[in-house]
Amino acid sequence: MGPLRAVLSVVMALYTAQACTPIIAGCTCRTTNLTCSDIQAIEAAIAAKVWSLRTPGSTKEELEASAERLKADPVRWSYDAGEFIGGLVRLAFHDSAEYDPNASDSFRADGCVDVSQPSNAGLAEVIAQVDPLWRPFCDRISRADFWQLAAKTAIEESTPYIESRRGRLSVLEDGSLDVVANPKKDKDADGVQAVRRRLRRLLKGDALLEHFVLPFRWGRQDATNCTLLRDRQASGERGPAEIQRVLMTNLGLDVPEAVALMGAHTLGRCDMNNSGYNSTWKDRPDLFTTAYYKLLVVARWDRVAMTNPHTGERIYQWNINHKSSRDQNAMMLAADMQLIYGINPQEVPLAFGETCGPLATEEDLEAKMTKPRCMRTSSVYPTLNFDKYALEFAEGTTATQDEPGASKWLTVFARAFQKMGEAGYDQTALQCIKCPPPAHCPTCAEDVLCGNNSVAGSAAVAVVDSSATISHVGALALLIVLALALVLY
(Lines give C-alpha, C1' and ligand atoms only; values in the text may rest on other atoms or scores of the structure.)
Protein backbone atom coordinates (compact mmCIF):
# COMPACT_ATOMS: atom_id res chain seq x y z
CA MET A 1 0.00 0.00 0.00
CA GLY A 2 2.96 2.33 0.64
CA PRO A 3 4.08 2.68 -3.02
CA LEU A 4 0.53 3.24 -4.23
CA ARG A 5 -0.09 5.93 -1.62
CA ALA A 6 3.17 7.60 -2.66
CA VAL A 7 2.10 7.69 -6.31
CA LEU A 8 -1.31 9.06 -5.28
CA SER A 9 0.41 11.79 -3.25
CA VAL A 10 2.52 12.82 -6.26
CA VAL A 11 -0.53 13.00 -8.53
CA MET A 12 -2.47 15.01 -5.93
CA ALA A 13 0.44 17.46 -5.68
CA LEU A 14 0.57 17.71 -9.47
CA TYR A 15 -3.14 18.45 -9.70
CA THR A 16 -3.01 20.98 -6.89
CA ALA A 17 -0.11 22.78 -8.56
CA GLN A 18 -2.05 22.91 -11.82
CA ALA A 19 -5.37 23.91 -10.31
CA CYS A 20 -6.35 27.45 -11.15
CA THR A 21 -9.44 29.53 -11.76
CA PRO A 22 -10.12 30.96 -15.23
CA ILE A 23 -10.13 34.76 -15.33
CA ILE A 24 -13.04 34.61 -17.78
CA ALA A 25 -15.55 31.78 -18.05
CA GLY A 26 -14.74 29.52 -20.98
CA CYS A 27 -11.06 30.50 -21.01
CA THR A 28 -8.16 28.37 -19.86
CA CYS A 29 -6.10 29.50 -16.90
CA ARG A 30 -3.06 27.45 -17.88
CA THR A 31 -1.84 26.64 -21.36
CA THR A 32 -1.60 22.88 -21.74
CA ASN A 33 -1.35 22.41 -25.49
CA LEU A 34 -0.37 25.05 -28.02
CA THR A 35 0.25 24.34 -31.70
CA CYS A 36 2.40 26.15 -34.23
CA SER A 37 -0.79 27.28 -35.96
CA ASP A 38 -2.06 28.76 -32.69
CA ILE A 39 1.15 30.73 -32.18
CA GLN A 40 1.19 31.97 -35.76
CA ALA A 41 -2.44 33.06 -35.58
CA ILE A 42 -1.84 35.00 -32.36
CA GLU A 43 1.26 36.63 -33.82
CA ALA A 44 -0.70 37.57 -36.92
CA ALA A 45 -3.44 39.21 -34.87
CA ILE A 46 -0.96 41.26 -32.80
CA ALA A 47 1.06 42.26 -35.87
CA ALA A 48 -2.10 43.30 -37.70
CA LYS A 49 -3.01 45.58 -34.80
CA VAL A 50 0.47 47.11 -34.70
CA TRP A 51 0.53 47.87 -38.42
CA SER A 52 -3.04 49.13 -38.49
CA LEU A 53 -1.99 51.78 -35.97
CA ARG A 54 1.32 52.55 -37.65
CA THR A 55 -0.07 52.90 -41.20
CA PRO A 56 -3.87 52.82 -41.00
CA GLY A 57 -5.81 52.21 -44.19
CA SER A 58 -7.38 49.44 -46.26
CA THR A 59 -6.82 50.81 -49.76
CA LYS A 60 -3.75 51.72 -51.75
CA GLU A 61 -4.52 55.43 -51.50
CA GLU A 62 -5.13 55.30 -47.73
CA LEU A 63 -1.92 53.40 -47.09
CA GLU A 64 0.16 55.77 -49.17
CA ALA A 65 -1.41 58.75 -47.40
CA SER A 66 -0.59 57.15 -44.02
CA ALA A 67 3.03 56.70 -45.06
CA GLU A 68 3.32 60.30 -46.19
CA ARG A 69 1.90 61.56 -42.89
CA LEU A 70 4.29 59.40 -40.92
CA LYS A 71 7.26 60.52 -43.00
CA ALA A 72 6.34 64.21 -42.68
CA ASP A 73 5.69 64.15 -38.91
CA PRO A 74 6.94 60.89 -37.35
CA VAL A 75 6.55 62.10 -33.78
CA ARG A 76 2.86 62.86 -34.22
CA TRP A 77 1.84 59.95 -36.43
CA SER A 78 3.77 57.22 -34.62
CA TYR A 79 2.09 58.11 -31.33
CA ASP A 80 -0.79 55.58 -31.46
CA ALA A 81 1.36 52.67 -32.55
CA GLY A 82 4.07 53.57 -30.04
CA GLU A 83 1.60 53.81 -27.19
CA PHE A 84 0.08 50.41 -28.03
CA ILE A 85 3.43 48.65 -28.53
CA GLY A 86 4.94 50.26 -25.45
CA GLY A 87 1.85 49.32 -23.46
CA LEU A 88 2.19 45.65 -24.43
CA VAL A 89 5.85 45.54 -23.44
CA ARG A 90 5.24 47.43 -20.20
CA LEU A 91 2.40 45.05 -19.31
CA ALA A 92 4.56 41.97 -19.87
CA PHE A 93 7.38 43.45 -17.81
CA HIS A 94 5.23 44.66 -14.91
CA ASP A 95 3.50 41.28 -14.77
CA SER A 96 6.88 39.55 -14.54
CA ALA A 97 8.42 42.09 -12.14
CA GLU A 98 5.88 41.36 -9.40
CA TYR A 99 7.98 38.27 -8.74
CA ASP A 100 10.05 38.42 -5.56
CA PRO A 101 12.10 35.31 -4.78
CA ASN A 102 12.12 36.22 -1.10
CA ALA A 103 8.34 36.62 -0.78
CA SER A 104 6.01 33.89 0.45
CA ASP A 105 3.49 34.48 -2.35
CA SER A 106 3.63 33.03 -5.86
CA PHE A 107 3.30 36.26 -7.86
CA ARG A 108 5.16 36.16 -11.19
CA ALA A 109 4.10 36.42 -14.83
CA ASP A 110 0.55 35.28 -14.13
CA GLY A 111 -1.74 37.45 -16.26
CA CYS A 112 -2.52 39.69 -13.30
CA VAL A 113 -1.09 43.02 -12.15
CA ASP A 114 -2.08 44.99 -9.09
CA VAL A 115 -3.51 48.08 -10.80
CA SER A 116 -4.00 49.76 -7.42
CA GLN A 117 -0.23 50.24 -7.16
CA PRO A 118 0.92 53.67 -8.43
CA SER A 119 3.65 52.15 -10.60
CA ASN A 120 0.97 50.19 -12.50
CA ALA A 121 -1.16 53.24 -13.26
CA GLY A 122 -2.44 53.12 -16.83
CA LEU A 123 -2.13 49.36 -17.17
CA ALA A 124 -5.88 48.84 -16.66
CA GLU A 125 -6.41 50.69 -19.94
CA VAL A 126 -3.76 48.54 -21.64
CA ILE A 127 -5.43 45.36 -20.40
CA ALA A 128 -8.75 46.64 -21.77
CA GLN A 129 -7.09 46.86 -25.18
CA VAL A 130 -5.38 43.48 -24.95
CA ASP A 131 -8.21 41.33 -23.59
CA PRO A 132 -10.33 41.54 -26.79
CA LEU A 133 -7.29 40.30 -28.74
CA TRP A 134 -6.82 37.42 -26.27
CA ARG A 135 -10.42 36.21 -26.12
CA PRO A 136 -10.55 34.51 -29.57
CA PHE A 137 -7.64 32.36 -28.35
CA CYS A 138 -8.39 32.19 -24.62
CA ASP A 139 -9.60 28.59 -24.74
CA ARG A 140 -6.06 27.58 -25.77
CA ILE A 141 -3.67 30.03 -24.13
CA SER A 142 -3.58 31.57 -20.66
CA ARG A 143 -3.65 35.33 -20.34
CA ALA A 144 -0.18 35.23 -18.80
CA ASP A 145 1.24 33.44 -21.85
CA PHE A 146 -0.69 35.71 -24.21
CA TRP A 147 0.76 38.86 -22.65
CA GLN A 148 4.31 37.54 -23.10
CA LEU A 149 3.66 36.39 -26.68
CA ALA A 150 2.00 39.71 -27.54
CA ALA A 151 5.00 41.68 -26.25
CA LYS A 152 7.39 39.42 -28.16
CA THR A 153 5.46 39.90 -31.40
CA ALA A 154 5.11 43.66 -30.97
CA ILE A 155 8.87 44.00 -30.48
CA GLU A 156 9.68 41.87 -33.52
CA GLU A 157 7.24 43.88 -35.64
CA SER A 158 8.90 47.10 -34.50
CA THR A 159 12.54 46.20 -35.06
CA PRO A 160 14.05 47.78 -38.19
CA TYR A 161 16.86 45.23 -38.14
CA ILE A 162 14.73 42.35 -39.43
CA GLU A 163 12.13 42.09 -42.16
CA SER A 164 8.48 42.38 -41.13
CA ARG A 165 6.78 39.22 -42.16
CA ARG A 166 3.42 38.65 -40.49
CA GLY A 167 -0.10 39.70 -39.90
CA ARG A 168 -1.01 42.55 -42.25
CA LEU A 169 -4.61 43.21 -43.21
CA SER A 170 -5.35 41.96 -46.70
CA VAL A 171 -8.13 43.33 -48.89
CA LEU A 172 -10.12 40.42 -50.26
CA GLU A 173 -11.92 40.36 -53.60
CA ASP A 174 -15.23 41.24 -51.96
CA GLY A 175 -13.67 44.29 -50.31
CA SER A 176 -13.75 42.86 -46.78
CA LEU A 177 -10.72 42.75 -44.52
CA ASP A 178 -9.05 39.64 -43.26
CA VAL A 179 -5.90 38.82 -41.28
CA VAL A 180 -3.33 36.82 -43.20
CA ALA A 181 -0.22 35.14 -41.86
CA ASN A 182 2.05 36.00 -44.78
CA PRO A 183 0.83 38.78 -47.06
CA LYS A 184 3.71 38.29 -49.49
CA LYS A 185 2.19 35.01 -50.62
CA ASP A 186 -1.36 36.28 -50.95
CA LYS A 187 -3.14 37.42 -54.05
CA ASP A 188 -2.53 41.10 -54.68
CA ALA A 189 -5.69 43.21 -54.61
CA ASP A 190 -5.48 46.52 -56.45
CA GLY A 191 -1.80 46.82 -55.61
CA VAL A 192 -2.44 47.00 -51.87
CA GLN A 193 0.00 44.24 -50.93
CA ALA A 194 2.71 45.78 -53.09
CA VAL A 195 2.20 49.11 -51.33
CA ARG A 196 2.37 47.44 -47.92
CA ARG A 197 5.61 45.70 -48.83
CA ARG A 198 7.12 49.01 -49.89
CA LEU A 199 5.88 50.65 -46.67
CA ARG A 200 7.48 47.96 -44.54
CA ARG A 201 10.81 48.47 -46.30
CA LEU A 202 10.45 52.24 -45.94
CA LEU A 203 9.56 52.13 -42.26
CA LYS A 204 11.69 49.23 -41.09
CA GLY A 205 14.58 49.01 -43.55
CA ASP A 206 16.10 45.94 -45.13
CA ALA A 207 16.65 42.76 -43.17
CA LEU A 208 19.87 42.89 -41.17
CA LEU A 209 19.76 40.30 -38.41
CA GLU A 210 17.93 37.35 -39.85
CA HIS A 211 18.44 35.22 -36.75
CA PHE A 212 16.70 37.58 -34.33
CA VAL A 213 13.76 35.67 -32.86
CA LEU A 214 12.65 36.26 -29.29
CA PRO A 215 12.14 33.00 -27.39
CA PHE A 216 8.68 31.97 -26.23
CA ARG A 217 7.92 29.07 -23.93
CA TRP A 218 4.43 28.51 -22.58
CA GLY A 219 2.81 27.03 -19.49
CA ARG A 220 2.31 30.11 -17.32
CA GLN A 221 -0.64 29.95 -14.95
CA ASP A 222 -3.14 32.78 -14.52
CA ALA A 223 -3.98 34.31 -11.15
CA THR A 224 -7.27 36.00 -10.31
CA ASN A 225 -5.79 37.98 -7.43
CA CYS A 226 -2.40 39.65 -7.20
CA THR A 227 -2.91 42.30 -4.54
CA LEU A 228 0.42 43.47 -3.17
CA LEU A 229 1.14 44.87 0.27
CA ARG A 230 3.84 47.09 -1.22
CA ASP A 231 4.94 48.14 -4.69
CA ARG A 232 7.59 45.84 -6.18
CA GLN A 233 8.32 47.76 -9.39
CA ALA A 234 11.53 49.72 -9.76
CA SER A 235 11.33 53.35 -8.64
CA GLY A 236 12.67 56.06 -10.91
CA GLU A 237 13.72 58.11 -7.90
CA ARG A 238 16.33 55.82 -6.43
CA GLY A 239 19.95 54.95 -7.15
CA PRO A 240 21.42 52.23 -9.42
CA ALA A 241 20.89 49.68 -6.66
CA GLU A 242 17.21 49.77 -7.62
CA ILE A 243 18.04 48.32 -11.05
CA GLN A 244 20.09 45.71 -9.27
CA ARG A 245 17.21 44.83 -6.91
CA VAL A 246 14.47 44.39 -9.51
CA LEU A 247 16.25 43.25 -12.66
CA MET A 248 19.19 41.35 -11.24
CA THR A 249 18.19 40.03 -7.81
CA ASN A 250 14.49 39.40 -8.50
CA LEU A 251 14.45 38.53 -12.21
CA GLY A 252 17.88 36.89 -12.30
CA LEU A 253 19.55 39.03 -14.97
CA ASP A 254 23.26 39.77 -15.11
CA VAL A 255 24.64 43.26 -15.74
CA PRO A 256 24.60 43.20 -19.58
CA GLU A 257 21.13 41.65 -19.58
CA ALA A 258 19.81 44.33 -17.22
CA VAL A 259 21.21 47.07 -19.48
CA ALA A 260 19.76 45.37 -22.57
CA LEU A 261 16.29 45.00 -21.03
CA MET A 262 16.29 48.69 -20.09
CA GLY A 263 16.53 49.33 -23.83
CA ALA A 264 12.83 48.45 -24.07
CA HIS A 265 12.30 52.09 -23.07
CA THR A 266 12.92 52.83 -26.72
CA LEU A 267 9.22 51.95 -27.11
CA GLY A 268 6.21 53.84 -25.81
CA ARG A 269 6.04 56.96 -23.68
CA CYS A 270 5.48 58.25 -20.16
CA ASP A 271 2.11 59.77 -19.29
CA MET A 272 2.06 62.58 -16.75
CA ASN A 273 -1.31 61.41 -15.41
CA ASN A 274 0.06 57.93 -14.69
CA SER A 275 3.56 58.55 -13.39
CA GLY A 276 4.20 62.28 -13.36
CA TYR A 277 6.84 61.86 -16.05
CA ASN A 278 6.03 63.06 -19.54
CA SER A 279 7.14 62.47 -23.16
CA THR A 280 8.97 59.74 -25.11
CA TRP A 281 12.53 58.47 -24.92
CA LYS A 282 13.15 59.27 -28.63
CA ASP A 283 11.37 60.60 -31.69
CA ARG A 284 9.85 57.31 -32.89
CA PRO A 285 8.27 55.50 -29.92
CA ASP A 286 7.06 52.73 -32.25
CA LEU A 287 10.52 51.54 -33.37
CA PHE A 288 12.79 49.20 -31.41
CA THR A 289 16.27 50.62 -32.08
CA THR A 290 19.56 51.47 -30.41
CA ALA A 291 18.78 55.21 -30.61
CA TYR A 292 17.97 55.07 -26.88
CA TYR A 293 21.61 54.25 -26.03
CA LYS A 294 23.02 56.69 -28.57
CA LEU A 295 21.04 59.59 -27.12
CA LEU A 296 22.21 58.77 -23.60
CA VAL A 297 25.79 59.09 -24.79
CA VAL A 298 25.76 62.05 -27.18
CA ALA A 299 23.07 64.37 -25.79
CA ARG A 300 23.09 66.96 -23.05
CA TRP A 301 20.41 66.33 -20.43
CA ASP A 302 18.82 68.87 -18.08
CA ARG A 303 17.19 67.80 -14.84
CA VAL A 304 13.58 69.01 -14.61
CA ALA A 305 11.25 68.88 -11.61
CA MET A 306 7.90 67.13 -12.04
CA THR A 307 5.12 66.12 -9.64
CA ASN A 308 4.04 62.64 -8.62
CA PRO A 309 0.26 62.60 -9.32
CA HIS A 310 -0.37 60.03 -6.58
CA THR A 311 1.54 61.59 -3.68
CA GLY A 312 2.17 65.18 -4.74
CA GLU A 313 5.88 64.66 -4.11
CA ARG A 314 8.52 66.24 -6.32
CA ILE A 315 10.12 63.87 -8.82
CA TYR A 316 12.59 64.46 -11.64
CA GLN A 317 13.11 63.60 -15.27
CA TRP A 318 15.92 64.56 -17.63
CA ASN A 319 14.98 66.48 -20.78
CA ILE A 320 17.20 66.64 -23.84
CA ASN A 321 18.86 70.01 -24.44
CA HIS A 322 19.04 69.82 -28.21
CA LYS A 323 16.08 71.68 -29.63
CA SER A 324 17.16 71.40 -33.27
CA SER A 325 17.16 67.62 -33.15
CA ARG A 326 14.37 65.27 -34.27
CA ASP A 327 14.53 64.02 -30.70
CA GLN A 328 13.92 67.49 -29.26
CA ASN A 329 11.14 66.18 -26.99
CA ALA A 330 13.09 63.19 -25.68
CA MET A 331 13.42 62.60 -21.97
CA MET A 332 15.10 60.07 -19.69
CA LEU A 333 14.30 58.82 -16.22
CA ALA A 334 16.98 58.64 -13.54
CA ALA A 335 17.14 54.88 -14.09
CA ASP A 336 17.93 55.46 -17.77
CA MET A 337 20.61 58.02 -16.98
CA GLN A 338 22.22 55.53 -14.59
CA LEU A 339 23.16 53.31 -17.52
CA ILE A 340 25.83 55.89 -18.39
CA TYR A 341 26.16 58.26 -15.45
CA GLY A 342 26.63 57.28 -11.80
CA ILE A 343 23.92 59.54 -10.47
CA ASN A 344 21.81 59.05 -7.40
CA PRO A 345 18.59 61.12 -7.68
CA GLN A 346 18.80 62.23 -4.05
CA GLU A 347 22.38 63.49 -4.48
CA VAL A 348 22.31 65.04 -7.96
CA PRO A 349 22.24 68.73 -6.93
CA LEU A 350 25.16 68.22 -4.54
CA ALA A 351 27.31 66.02 -6.74
CA PHE A 352 26.70 67.11 -10.32
CA GLY A 353 24.39 70.08 -10.57
CA GLU A 354 21.42 69.96 -12.90
CA THR A 355 23.02 68.81 -16.18
CA CYS A 356 24.64 65.61 -17.47
CA GLY A 357 26.21 64.79 -20.81
CA PRO A 358 27.36 64.52 -23.41
CA LEU A 359 29.73 61.81 -22.30
CA ALA A 360 33.34 62.91 -22.55
CA THR A 361 35.63 60.53 -24.42
CA GLU A 362 38.86 59.25 -22.91
CA GLU A 363 40.76 61.26 -25.55
CA ASP A 364 38.96 64.45 -24.52
CA LEU A 365 39.78 63.91 -20.88
CA GLU A 366 43.44 63.14 -21.58
CA ALA A 367 43.73 66.27 -23.72
CA LYS A 368 41.90 68.23 -21.00
CA MET A 369 39.51 69.47 -23.69
CA THR A 370 36.47 69.05 -21.52
CA LYS A 371 35.47 68.48 -17.94
CA PRO A 372 33.08 65.59 -17.36
CA ARG A 373 29.63 66.87 -16.40
CA CYS A 374 28.78 63.58 -14.69
CA MET A 375 31.00 60.66 -13.78
CA ARG A 376 30.46 57.35 -15.54
CA THR A 377 28.51 54.75 -13.61
CA SER A 378 31.45 52.36 -13.26
CA SER A 379 33.54 55.18 -11.72
CA VAL A 380 30.97 55.71 -8.96
CA TYR A 381 29.62 52.15 -8.62
CA PRO A 382 32.49 49.80 -9.64
CA THR A 383 30.38 46.62 -9.36
CA LEU A 384 27.62 48.05 -11.58
CA ASN A 385 29.44 48.77 -14.82
CA PHE A 386 26.24 49.50 -16.74
CA ASP A 387 28.05 52.05 -18.91
CA LYS A 388 30.38 49.43 -20.40
CA TYR A 389 27.47 47.64 -22.05
CA ALA A 390 25.38 50.72 -22.85
CA LEU A 391 28.35 52.06 -24.82
CA GLU A 392 28.70 48.76 -26.67
CA PHE A 393 25.01 48.78 -27.61
CA ALA A 394 25.35 52.38 -28.84
CA GLU A 395 28.09 51.49 -31.33
CA GLY A 396 27.38 52.07 -35.01
CA THR A 397 25.71 54.70 -37.14
CA THR A 398 22.80 54.99 -39.54
CA ALA A 399 25.23 54.28 -42.37
CA THR A 400 26.12 50.92 -40.81
CA GLN A 401 22.51 50.19 -39.79
CA ASP A 402 23.58 50.64 -36.16
CA GLU A 403 26.05 47.80 -36.35
CA PRO A 404 27.84 46.38 -34.44
CA GLY A 405 25.77 47.71 -31.53
CA ALA A 406 22.45 46.38 -32.82
CA SER A 407 23.64 42.77 -32.95
CA LYS A 408 25.22 43.01 -29.52
CA TRP A 409 22.08 44.51 -28.02
CA LEU A 410 19.55 42.13 -29.58
CA THR A 411 21.68 39.10 -28.70
CA VAL A 412 21.62 40.01 -25.02
CA PHE A 413 18.07 41.38 -25.07
CA ALA A 414 16.70 38.03 -26.25
CA ARG A 415 18.25 36.29 -23.26
CA ALA A 416 17.02 38.98 -20.88
CA PHE A 417 13.48 38.90 -22.29
CA GLN A 418 13.27 35.14 -21.80
CA LYS A 419 14.58 35.30 -18.23
CA MET A 420 12.16 38.12 -17.41
CA GLY A 421 9.08 36.22 -18.56
CA GLU A 422 10.12 32.94 -16.94
CA ALA A 423 11.20 34.25 -13.51
CA GLY A 424 9.52 32.32 -10.73
CA TYR A 425 8.66 29.29 -12.86
CA ASP A 426 10.20 25.86 -12.54
CA GLN A 427 11.88 25.23 -15.87
CA THR A 428 10.10 21.89 -16.19
CA ALA A 429 6.73 23.67 -16.06
CA LEU A 430 7.37 25.60 -19.27
CA GLN A 431 7.32 24.07 -22.73
CA CYS A 432 8.25 25.08 -26.24
CA ILE A 433 7.27 23.56 -29.52
CA LYS A 434 9.13 22.83 -32.73
CA CYS A 435 7.73 25.02 -35.49
CA PRO A 436 8.86 25.89 -39.00
CA PRO A 437 11.29 28.82 -38.74
CA PRO A 438 9.92 32.28 -39.57
CA ALA A 439 10.25 33.49 -43.14
CA HIS A 440 12.94 36.05 -42.25
CA CYS A 441 15.12 33.33 -40.69
CA PRO A 442 15.21 30.34 -43.07
CA THR A 443 18.31 28.90 -41.39
CA CYS A 444 16.85 28.98 -37.87
CA ALA A 445 16.27 25.65 -36.16
CA GLU A 446 12.78 24.30 -35.56
CA ASP A 447 13.26 24.85 -31.84
CA VAL A 448 14.05 28.54 -32.33
CA LEU A 449 11.25 29.52 -29.91
CA CYS A 450 13.10 27.67 -27.15
CA GLY A 451 15.97 30.12 -27.37
CA ASN A 452 18.27 27.88 -29.38
CA ASN A 453 19.42 30.28 -32.10
CA SER A 454 22.47 32.38 -32.84
CA VAL A 455 21.03 35.63 -31.52
CA ALA A 456 18.96 34.49 -28.56
CA GLY A 457 21.74 32.33 -27.19
CA SER A 458 22.35 28.62 -27.01
CA ALA A 459 21.31 27.65 -23.52
CA ALA A 460 20.06 24.09 -23.48
CA VAL A 461 16.28 23.92 -23.21
CA ALA A 462 14.27 20.73 -23.34
CA VAL A 463 11.69 20.66 -26.11
CA VAL A 464 8.63 18.92 -24.75
CA ASP A 465 6.10 17.25 -27.01
CA SER A 466 2.86 19.12 -26.35
CA SER A 467 0.89 15.89 -26.59
CA ALA A 468 2.65 14.68 -23.44
CA THR A 469 1.26 17.50 -21.31
CA ILE A 470 -1.01 16.43 -18.46
CA SER A 471 -4.09 18.64 -18.50
CA HIS A 472 -6.25 19.48 -15.49
CA VAL A 473 -8.85 16.99 -16.67
CA GLY A 474 -6.20 14.33 -17.28
CA ALA A 475 -4.66 14.83 -13.85
CA LEU A 476 -8.08 14.65 -12.21
CA ALA A 477 -8.97 11.48 -14.10
CA LEU A 478 -5.68 9.87 -13.08
CA LEU A 479 -6.31 10.95 -9.51
CA ILE A 480 -9.73 9.32 -9.48
CA VAL A 481 -8.40 6.08 -10.97
CA LEU A 482 -5.60 5.87 -8.42
CA ALA A 483 -7.94 6.69 -5.54
CA LEU A 484 -10.30 3.92 -6.65
CA ALA A 485 -7.39 1.53 -6.98
CA LEU A 486 -6.28 2.43 -3.49
CA VAL A 487 -9.75 1.70 -2.06
CA LEU A 488 -9.98 -1.62 -3.87
CA TYR A 489 -6.46 -2.47 -2.90
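Our subject is the structure listed above.
The rules behind the values
Residues numbered from 1 in each chain as written. Predicted model: local features only at pLDDT ≥ 70, side-chain atom pairs only at ≥ 80, totals over all residues. Heavy atoms only, no water. Helix = DSSP H or I, 4+ residues; strand = E, 2+ residues; numbered from the N terminus. Buried < 20%, exposed > 50% of the residue type's maximum accessible area, 1.4 Å probe, protein only. Contact = heavy atoms within 4.5 Å. Areas by Shrake-Rupley, 256 points an atom, 1.4 Å probe, with all protein chains shown as cover. Disulfide = S-S within 2.5 Å. 1 Å grid on protein atoms, 1.4 Å probe; cavity = no way out; pocket = protein on both sides within 12 Å on 5 of 7 lines; lining within 4 Å. Points joined across faces, edges and corners; volume = space filled by probe spheres on them. Nonpolar A, V, L, I, M, F, W, Y, C, P; charged D, E, K, R; others polar. Axes fitted to C-alpha atoms, helices over the stretch in contact; angles between N-to-C directions. Parallel < 35°, antiparallel > 145°, perpendicular 65-115°, else oblique. Left-handed = near helix turned anticlockwise from the far one by under 90°. Phe/Tyr/Trp six-rings, centres within 6.5 Å; stacked < 30°, edge-to-face > 60°. Lys NZ or Arg CZ within 6 Å of the ring centre and 35° of its normal. Arc of directions from axis to C-beta. Expected span 1.5 Å × (residues − 1). Salt bridge = Lys/Arg side-chain N within 4 Å of Asp/Glu carboxyl O. Pairing = 2+ DSSP bridges.

Undergrad: Any chance you could explain the overall build of the protein chain here in plain terms?
TA: Broken down by element type, the protein chain carries 18 helices and 8 strands. Across the 489 residues of the protein chain, 53% fall into the buried class. For the protein chain, long-range pairs separated by at least 24 residues make up 72% of all intrachain contacts whose partners lie at least 6 apart in sequence. Just so you have it, the protein chain exposes about 21100 Å², and 55% of that area is on carbon and sulfur atoms.

Undergrad: Which parts of the structure should I look at to understand the state of the cysteines?
TA: In a disulfide, the sulfur atoms of two cysteines are covalently bonded to one another. All chains considered together, the criterion is met by 6 disulfides. Note that Cys36 is cross-linked by a disulfide to Cys435, the S-S spacing being 2.1 Å. A torsion of -100 degrees about the S-S bond marks the disulfide between Cys36 and Cys435 as left-handed. Here Cys36 is found in helix H2 (residues 36–54), whereas its partner Cys435 is found in the loop between helix H17 (405–422) and helix H18 (472–488), with 399 residues between them in sequence. Each member of the pair, Cys36 as well as Cys435, carries the same accessibility label: buried.

Undergrad: How should I be thinking about empty space enclosed by the protein in this particular structure?
TA: Over the atoms rolls a probe the size of a water molecule, and in doing so it shows where empty space is left. Under the counting rule described, the total for this entry stands at 3 cavities of 30 Å³ or more. Quantified by volume, the largest cavity comes out at close to 50 Å³. Lining the largest cavity are Gln148, Pro215, Phe216, Arg217, Arg220, Phe417, Gln418, Gly421 and Glu422. Among the elements that take part in the lining of the largest cavity, H17 stands out by supplying 4 residues, more than any other. Among the residues forming the lining of the largest cavity, the class breakdown is 3 nonpolar, 3 polar and 3 charged. Considered as a void within the structure, the second largest cavity measures approximately 40 Å³ in volume.

Undergrad: How do you make sense of the packing of H2 against helix H7 (residues 143–156) when you look at a structure like this?
TA: Packed helix pairs are specified by the crossing angle of their axes together with the interaxial distance, meaning the distance between the axes. Running from N to C, H2 and H7 point in directions that differ by 55 degrees, and their axes come no closer than 9 Å. When the axes of H2 and H7 are compared, the pair comes out oblique. Classified by chirality, the crossing of H7 by H2 is right-handed. For the pair formed by H2 and H7, the contact residues are Ile39, Ile42, Glu43, Ile46, Ala47 and Val50 on the first element and Phe146, Leu149, Ala150, Lys152, Thr153 and Ala154 on the second. Grouping the constituent residues of the contact of H2 with H7 by class yields 9 nonpolar, 1 polar and 2 charged.

Undergrad: For this particular structure, what's the right way to read the packing of helix H10 (residues 255–262) against H17?
TA: Two elements in contact, H10 and H17, have axes whose closest approach is 8 Å; the angle formed by their N-to-C orientations is 95 degrees. By the angle between their axes, H10 is roughly perpendicular relative to H17. Residues Pro256, Glu257, Ala260 and Leu261 of H10 form the contact with H17, whose own contacting residues are Trp409, Val412, Phe413, Arg415, Ala416, Phe417, Lys419 and Met420. Broken down by class, the residue content of the contact of H10 with H17 amounts to 9 nonpolar, no polar and 3 charged.

Undergrad: I keep staring at the packing of aromatic side chains and nothing clicks. Help me out?
TA: Each aromatic ring pair is characterised by the separation of its centres together with the angle its planes make. Counted under the stated rule, the structure contains 7 aromatic pairs. Considering the side-chain rings of Phe413 and Phe417, the 6.0 Å spacing of their centres and the 25 degrees angle between planes classify their relative orientation as stacked. Of this pair, Phe413 and Phe417 are both found in helix H17, 4 residues apart, which corresponds to roughly one turn of the helix. Just as Phe413 is buried, Phe417 falls in that class too. In this arrangement the basic side chain of Lys49 is found over the ring face of Phe84, its NZ or CZ atom lying 5.8 Å from the centre.

Undergrad: Where do I start with the environment of Val412 in this structure?
TA: Summarising the element assignment, Val412 is placed in helix H17. For Val412, a relative accessible area of 9% puts it in the buried group. Sequence separation between Val412 and Val259 is 153 residues, and the spatial gap between their C-alpha atoms is 9.0 Å. Each residue touching Val412, except ones within four places of it in the same chain, is listed here: Pro256, Glu257, Ala260 and Phe393.

Undergrad: Which parts of the structure should I look at to understand helix H16 (residues 386–393)?
TA: In an α-helix, one turn spans 3.6 residues; hence positions three or four apart end up facing the same way. Turning to H16, its buried residues are Phe386, Asp387, Tyr389, Ala390 and Phe393. End-on, the buried residues of H16 take up no more than an arc of 165 degrees, which puts them together on one face. Contacts made by the buried residues of H16 are with helix H9 (241–250), H10, helix H11 (291–298), helix H15 (377–380) and H17.

Undergrad: Please explain H7 as it appears in this structure.
TA: For H7, which comprises 14 residues, the first-to-last C-alpha distance of 20 Å matches the rise-based estimate of 20 Å (1.5 Å per residue) to within 8%. Taken across its 14 residues, H7 has 14 buried, putting it largely inside the fold.

Undergrad: Would you take a moment to explain the pattern of salt bridges for this structure?
TA: Proximity of charged atoms lets side chains of opposite charge pair with each other. As enumerated under the stated definition, the model contains 17 salt bridges in all. Note that Lys152 and Glu156 form a salt bridge whose closest N and O atoms lie 2.8 Å from each other. Residue Lys152 and its partner Glu156 are both found in helix H7; the two are separated by 4 residues, about one turn of the helix. For Asp286, the salt bridge is made with Arg284, and the minimal N-O distance between the two is 2.7 Å.

Undergrad: Teacher, can you tell me more about the pairing of strand E6 (residues 314–320) here?
TA: Judged from the 7 bridges that link them, strand E5 (residues 301–307) and E6 form a sheet pairing that is antiparallel. From the neighbouring strand, Arg303 faces E6, where its bridge partner is Trp318. Count of turn residues in the E5/E6 antiparallel hairpin: 6 residues, of which Gly312 carries a positive phi of about 80 degrees. Relative to strand E7 (residues 331–332), E6 is paired through 2 bridges, and the arrangement is antiparallel. Opposite Trp318, over in E7, you have Met332 as the bridge partner.

Structural measurements only, silent on function.
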